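The lines below spell out each chain.
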Amino acid sequence: MPERSLPSTAAQKDRLLTGDRPTGPLHLGHLLGSLQSRVAMQDSHECFLIVADLHTLTTRPERDRIAELPRNVRAVVLDLLSVGIDPEKSTIYLQSGVPAVYDLAILLQMLIPASHLRSLASIAQMAKVAGVDDERMSLGLLGYPVLQAADILMARAQLIPVGGDNLAHVEIAREVAQSFNEMYAEVFPLPEGRASRVPMLPGIGPDGPAASKMSKSAGNTINLGDTADVVASKLRTLGGARLRGFIDALIGNGDDDDGQAKAMHAAHQAGKLSDAAVHDRLITETEALLAPLRERRAAFEADEGLVEEILVDGTIRAREVAYATLQQVREAMGLEPLWKGLIDVAERRALDRKKPY
Ligand code: TRP
């Protein structure tokens, strides 16, 4: 690998910030839904990609879960690099490695009514998935969107592409930014959420009553790091509505301008195209997407320590950005002047003490 340089700070581009919780490897649904567009926006935006490990603690603070983080963090970073995120253009960073964000979250949480958080469906949903009942919901989980607001605002990011369930969180970040600007000083641009494309990709498996969407928690994913053999055998499990869903997602490329998916549906329905023949076609299409990823992944894996170096470099850069924002926030709120005032008096006293009498 050639010598790398960091993304330039001088860029006059809008800032984009988004990312993932490191709960496991990313899958084909992520690729079609958000990763491809992240790669595409690397040139038009200054991108920050967060590996949101602190957010995993909101439902899973146990030691054994934290022990899984090193592996999961590395897997996510490798996934990002393998899809074509270029660390010279985008800053990939580890959330917990940027302590200024914790400070910022504390200050920002004063600006949002708790009732706005309690009514969020996304939080209820995360609690449900984690098996946490209302009585035992931690303050951390309730405050999930405040931490996310701190992520967004620390970078003073303008564009936040997220899944539909996260749009409400970006709204909270916007609300917090607006309150801050009104109460203290114009420090933050107002972040805008953008819903990532919904790929409508079903999970793998035979047709079922609920042809559910591909998701890690359902255990029905095609992972970006899967080998060609594994991908093929997973695709061959597809039947019924799931098979049709895959035709829509992969053959029509989502919008099917040229009617390819439609033609395939018709042939399949008329019995002119067997399930096995559709599987073969889906395997070809999926491999066209995943083979280049596999090649890049292998190159990054072969260079020992490179993935870690990229994450460390990105995190150091995120620290600088976050610290600068925190200083501005402390200044605007009067906390920095408070501290400086104390220092001034204490310094004067120290000087006076040394005066001869
Ligand atoms: N909440 C996001 C998720 O569900 C992860 C995340 C954390 C995030 N901080 C963010 C996304 C800031 C966009 C912006 O995985």
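Residues numbered from 1 in each chain as written. Predicted model: local features only at pLDDT ≥ 70, side-chain atom pairs only at ≥ 80, totals over all residues. Heavy atoms only, no water.

Novice: Would you mind going over the site of the ligand with me for this structure?
Specialist: The local shell around the ligand holds 14 residues, among which Arg 21, His 55, Tyr 144, Asp 151 and Asn 166 are the closest. Within the side chain of Tyr 144, a nitrogen or oxygen atom sits 2.8 Å from a nitrogen atom of the ligand. One nitrogen or oxygen atom from the side chain of Gln 148 is found 3.3 Å from a nitrogen atom belonging to the ligand. Relative to its unbound accessible surface of 370 Å², the ligand loses 93% to contact with the protein. Those elements that provide at least two residues to the shell around the ligand are strand 1 (14–20), helix 8 (144–154) and strand 4 (159–162). By residue number, the principal contributor to the shell around the ligand is helix 8, which donates four residues. A breakdown of the residues in the shell around the ligand according to their chemical character gives seven nonpolar, five polar and two charged. (Near = heavy atom within 4 Å. Polar contact = N/O pair within 3.5 Å; in protein donor to acceptor, adjacent residues only side chain to side chain. Areas by Shrake-Rupley, 256 points an atom, 1.4 Å probe, with all protein chains shown as cover. Helix = DSSP H or I, 4+ residues; strand = E, 2+ residues; numbered from the N terminus. Nonpolar A, V, L, I, M, F, W, Y, C, P; charged D, E, K, R; others polar.)

Novice: Whenever I open this one, the side chain of Thr 18 confuses me. Can you help?
Specialist: Its place among the elements puts Thr 18 in strand 1. Accessibility expressed as a relative area gives 5% for Thr 18, which makes it buried. Polar contacts involving the side chain of Thr 18 include one to the main-chain carbonyl oxygen of Pro 161, which spans 2.7 Å. Sequence-distant contacts of Thr 18, that is, excluding residues within four places in its chain, are made with Arg 38, Phe 48, Leu 49, Ile 50, Pro 161 and Val 162. (Buried < 20%, exposed > 50% of the residue type's maximum accessible area, 1.4 Å probe, protein only. Contact = heavy atoms within 4.5 Å.)

Novice: I tried to follow a nonpolar patch on the surface on my own but got confused; where do I start?
Specialist: Together, Leu 338, Trp 339, Leu 342 and Ile 343 make up a nonpolar patch on the protein surface, roughly 400 Å² of accessible area in all. With respect to the secondary-structure elements, Leu 338 resides in helix 15 (residues 335–354). (Patch = residues over 30% accessible without salt bridge, like charges linked within 9 Å, V, L, I, M, F, W, Y side chains within 5 Å. Salt bridge = Lys/Arg side-chain N within 4 Å of Asp/Glu carboxyl O.)

Novice: Is there a simple way to think about the domain arrangement of the chain in this case?
Specialist: The extent of an interface is frequently quoted as the accessible surface area lost upon association of the parts. Parsing the chain into structural domains produces domain 1 (1–199 + 305–357) and domain 2 (202–303). Opposite the 25 residues of domain 1 that make contact, domain 2 presents 22 residues. Between domain 1 and domain 2, roughly 2000 Å² of surface is buried when both sides are summed, and carbon and sulfur atoms account for 67% of that area. The interface formed by domain 1 and domain 2 holds one salt bridge in total. Inspection of the region where domain 1 meets domain 2 yields nine residue pairs in polar contact (both at pLDDT 80 or more). Among the elements of the structure, helix 1 (28–40), helix 3 (63–83) and helix 14 (306–333) are those that each provide at least two residues to the side of domain 1 that touches domain 2. (Domains from an automatic or database assignment. Buried area = accessible area lost by both parts, 1.4 Å probe.)

Novice: Sorry, what's going on with the packing of helix 10 (residues 228–235) against helix 13 (residues 275–302) here?
Specialist: To describe two helices that pack against each other, one gives the angle between their axes and the distance between the axes. Two numbers describe how helix 10 lies on helix 13: the axes approach to 10 Å, and their chain directions differ by 150 degrees. Judged by the inter-axis angle, helix 10 sits roughly antiparallel to helix 13. In this structure, helix 10 crosses over helix 13, and the sense of that crossing is right-handed. On helix 13, the residues touching Ala 228, Val 231, Ala 232 and Leu 235 of helix 10 are His 279, Leu 282, Ile 283, Thr 286, Glu 287, Leu 290 and Arg 294. When grouped by side-chain class, the residues that make up the contact of helix 10 with helix 13 number seven nonpolar, two polar and two charged. (Axes fitted to C-alpha atoms, helices over the stretch in contact; angles between N-to-C directions. Parallel < 35°, antiparallel > 145°, perpendicular 65-115°, else oblique. Left-handed = near helix turned anticlockwise from the far one by under 90°.)

Novice: Looking at this model, I keep getting lost on the environment of Ser 96. Mind explaining?
Specialist: The residue Ser 96 is located in the loop between strand 3 (90–94) and helix 4 (100–108) in this model. For Ser 96, a relative accessible area of 25% gives the class partly exposed. A sequence separation of 42 residues divides Ser 96 from Leu 54, and the C-alpha atoms of the two residues are 5.8 Å apart. Residues within four places of Ser 96 in sequence aside, it is in contact with Asp 53, Leu 54 and Tyr 102.

Novice: Whenever I open this one, unusual backbone geometry confuses me. Can you help?
Specialist: Most peptide bonds adopt trans geometry, and most residues besides glycine take a negative phi value. Although it is not a glycine, Arg 156 sits at a positive phi angle of roughly 50 degrees. With respect to the helices and strands, the residue Arg 156 is situated in the loop between helix 8 and strand 4.

Novice: Can you help me understand the packing of aromatic side chains in this one?
Specialist: Think of a pair of aromatic rings as described by two things: how far the centres are apart, and how the planes are tilted against each other in angle. A complete count under the given rule lists three aromatic pairs for this structure. Between the aromatic rings of Phe 48 and Tyr 93, the centroid separation amounts to 6.5 Å while the plane-to-plane angle is 80 degrees, which identifies the pairing as edge-to-face. Residue Phe 48 is located in strand 2 (residues 45–51), and its partner Tyr 93 is located in strand 3; the two are separated by 45 residues in the primary sequence. A relative accessible area of 0% means that Phe 48 is categorised as buried. Ring geometry for Phe 180 versus Phe 188: centroids 5.1 Å apart, planes at 65 degrees, classification edge-to-face. Neither Phe 180 nor Phe 188 differs from the other in exposure class; each is buried. (Phe/Tyr/Trp six-rings, centres within 6.5 Å; stacked < 30°, edge-to-face > 60°.)

Novice: Which parts of the structure should I look at to understand the pairing of strand 3?
Specialist: Remark: a regular strand shows side chains that alternate across the two faces of the sheet. Counting buried positions along strand 3 yields four of five residues, so the element is predominantly enclosed. Note: strand 2 against strand 3, five bridges, orientation parallel. Looking at the pairing, Ile 50 lines up with Tyr 93 of strand 3. (Pairing = 2+ DSSP bridges.)

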